[in-house]
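# Structural features, examined
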Amino acid sequence: MTRFKTKYYPYKSTLFKHLLFWLCVFLYFMFSSNVSNFEAGYIQLFHSTRNIIIPQIITAYVCLFVLVPKFLNTKKIVLFIFYLVILLIAMFALYTTLHMYIYEPKYIQFYNEIAIKYTKASYWERLSNPSVFLSKTIKFLTPTALLLMTRFYKNQQKYLQLNEQKKTAELTALKHQLNPHFLFNTLNNLYALAIKKSNQTPEVIEKLSDILDYMLYRCNDTFVSLQKEIELIENYLSLEKVRYGKRVQISFKKDINYDVKIAPLLFLTFIENAFKHGVSEELKEAFITIKINLVENQVVFHIKNSKSKTFSEKNKEHCIGLSNVKKQLKLLYADNYSLDIYDEKESFTVTLKILAK
């Protein structure tokens, strides 16, 4: 059995990052304080900073691993505030204990008259001092706030990454549903020509080859060239003209001054549906009118097709491509598109406006 060993990097571990964080907090207090206020020098400053750091560490991890997940994340706001106040009171009591019984006996000889006067207050008098309690609790909570902000940022990044992966997976699935649907229709065209032994068969194969090359290799990006999409549409229309001949009047107009990028295969889906439900079931002459314009960085796609008298509600249920393209629009463009569909008695009209990339 083969075993793979992953190289371990200590500096990437969570423990190392937390130790580094607290080291930075400790050094901040050490170097942001005026050492001239401490008669015994840096050793006194070190012990003074220690009295603050210990309650800060306890406050931070009780909040991170107990109060936030059990109360704040479950929307028990009142209980969260209640236990947070209890925690801060306990930390203030711990700070007072450290300061009164460990720090003061060692450095009281360096105190000035005001500080010495403060040392004469009893333990309970110190605990009941609201101004000191407020100033110290702000210091206790500052590192906690930084750690919570860091955790929130990381969670947001993970959420965005997972959301992007989900979007990519959904788009891939939608394309996989769309491509076979398109290929099935096109191969039917080729089959019909082969049966007739038409001289146009080689031309159809060439057009189909270009379409397959585009769909398999050149439209795998999220956004592709609008000009390439137009070429795809022109190839598709060429195939359909061969198949239907004079049974359909096709008009394709485009007004594109410069190239932009759009999501692939969106327009083709509506064109497929126009042929499938507006032409293939019509025994007499049908029409399809297509327009693509670029107006102020907005691509406007308009298609109108005649509707067969035999068109029924059952046909709508089988428009797989149409439902797929709606899902793609929501995933890729969110609120940056508009889709208007008009189902009239003798015609079917679609107008799609999307923001170009």
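Structure's up top.
Right, let's walk through the structure included here. Just so you know, these numbers come straight off a predicted model, no measurement behind them.

## Observations concerning the environment of Leu237
Relative to the assigned elements, Leu237 resides in helix α8 (residues 226-244). Owing to a relative accessible area of 4%, Leu237 belongs among the buried residues under this scheme. Here the alpha-carbon distance between Leu237 and Glu272, two residues 35 residues apart in the chain, equals 9.6 Å. Discounting chain neighbours no more than four positions away, the residues touching Leu237 are Ile250, Phe252, Ile271, Phe275 and Ile290.

## A word on the packing of aromatic side chains
Overall, the coordinates contain 17 aromatic pairs when judged by the stated rule. Seen in terms of ring centroids, Phe82 and Tyr83 are 5.2 Å apart; in terms of plane orientation they differ by 70°. Their pairing is edge-to-face. A relative accessible area of 47% places Phe82 in the partly exposed class. Both rings, one in Tyr107 and one in Phe110, keep their centres 6.5 Å apart while their planes meet at 35°; by these two values the pair is tilted. Phe110 sits in the partly exposed class, given a relative accessible area of 33%. Grouping aromatic residues by their ring pairs yields a cluster made of Phe21, Trp22, Tyr61 and Phe65. The side chain of Arg151 reaches across the aromatic face of Phe65, ending 5.6 Å from its centre. Between the NZ or CZ atom of Lys254 and the centre of the ring of Phe252, over which it lies, the distance is 4.9 Å.

## What about the pairing of strand β4 (residues 286-295)?
The alternating pattern of β4 places Ala286, Ile288, Ile290, Ile292 and Leu294 on a buried face, while none of Phe287, Thr289, Lys291, Asn293 and Val295, on the opposite face, is buried. Looking at chain direction, strand β2 (residues 248-255) and β4 are connected through 8 bridges and run parallel. The residue of β4 that forms the bridge with Phe252 is Ile290. Relative to strand β5 (residues 298-306), β4 runs antiparallel, the two sharing 8 bridges. Each bridged residue has a counterpart across the sheet, and for Asn293 the counterpart in β5 is Val300.

## Considering the packing of helix α2 (residues 42-72) against helix α3 (residues 77-107)
Relative orientation of the contacting elements α2 and α3 amounts to 165°, with a least axis distance of 10 Å. In terms of orientation, α2 lies roughly antiparallel with respect to α3. For the element pair α2 and α3, the recorded crossing hand is right-handed. Residues that form the contact of α2 with α3 fall into these classes: 25 nonpolar, 6 polar and 2 charged.

## Section: the pattern of salt bridges
Under the criterion given, the structure shown has 4 salt bridges. Among the salt bridges present, the one from Glu104 reaches Arg126, with a minimum N-O distance of 2.7 Å. You can see Glu104 sitting in helix α3 and its partner Arg126 sitting in helix α5 (residues 123-127), a full 22 residues away along the chain. By the burial criterion, Glu104 is buried, and Arg126 matches it. A salt bridge links Asp343 to Lys307; its shortest N-O distance comes to 2.5 Å.

## Brief notes about the sheet that holds β5
The sheet built from 5 strands is open, its strands ordered β2-β4-β5-β7-β6 with mixed pairing. Each of the sheet's edge strands pairs with one partner strand only, and the pair in question is β2 and β6 (337-343). Between one strand axis and the next, the sheet turns through 5° on average, direction left out of account. Contacts between α8 and the sheet are confined to β2, β4 and β5, with β2 contributing the most and set at about 165° to the helix. Packing of helix α9 (residues 266-278) onto the sheet brings it into contact with β2, β4, β5, β6 and β7 (347-355), and relative to β5 it is tilted by some 5°.

## Topic: the nonpolar core
Counting residues in hydrophobic clusters, the biggest one holds 51 residues, and the most contacted among them are Phe267, Ile271, Phe275, Val299, Phe301, Ile303 and Ile354. Sort the elements by how many residues they give to this core and α8 lands first, with 9 residues. Not counting residues up to four positions away in its chain, the partners in contact with Ile354 are Ile262, Leu266, Phe267, Asn297, Gln298, Val299, Leu329, Tyr333, Asn336 and Tyr337. Listed in part, the 29 residues of the second largest apolar core include Met30, Cys63, Phe80 and Tyr103.

Criteria and thresholds
- Residues numbered from 1 in each chain as written.
- Predicted model: local features only at pLDDT ≥ 70, side-chain atom pairs only at ≥ 80, totals over all residues.
- Heavy atoms only, no water.
- Helix = DSSP H or I, 4+ residues; strand = E, 2+ residues; numbered from the N terminus.
- Buried < 20%, exposed > 50% of the residue type's maximum accessible area, 1.4 Å probe, protein only.
- Contact = heavy atoms within 4.5 Å.
- Phe/Tyr/Trp six-rings, centres within 6.5 Å; stacked < 30°, edge-to-face > 60°.
- Lys NZ or Arg CZ within 6 Å of the ring centre and 35° of its normal.
- Pairing = 2+ DSSP bridges.
- Axes fitted to C-alpha atoms, helices over the stretch in contact; angles between N-to-C directions.
- Parallel < 35°, antiparallel > 145°, perpendicular 65-115°, else oblique.
- Left-handed = near helix turned anticlockwise from the far one by under 90°.
- Nonpolar A, V, L, I, M, F, W, Y, C, P; charged D, E, K, R; others polar.
- Salt bridge = Lys/Arg side-chain N within 4 Å of Asp/Glu carboxyl O.
- Core = buried A, V, L, I, M, F, W, Y, C linked by side-chain atoms within 4.5 Å.

In short, shape yes, function no, at least from these values alone.
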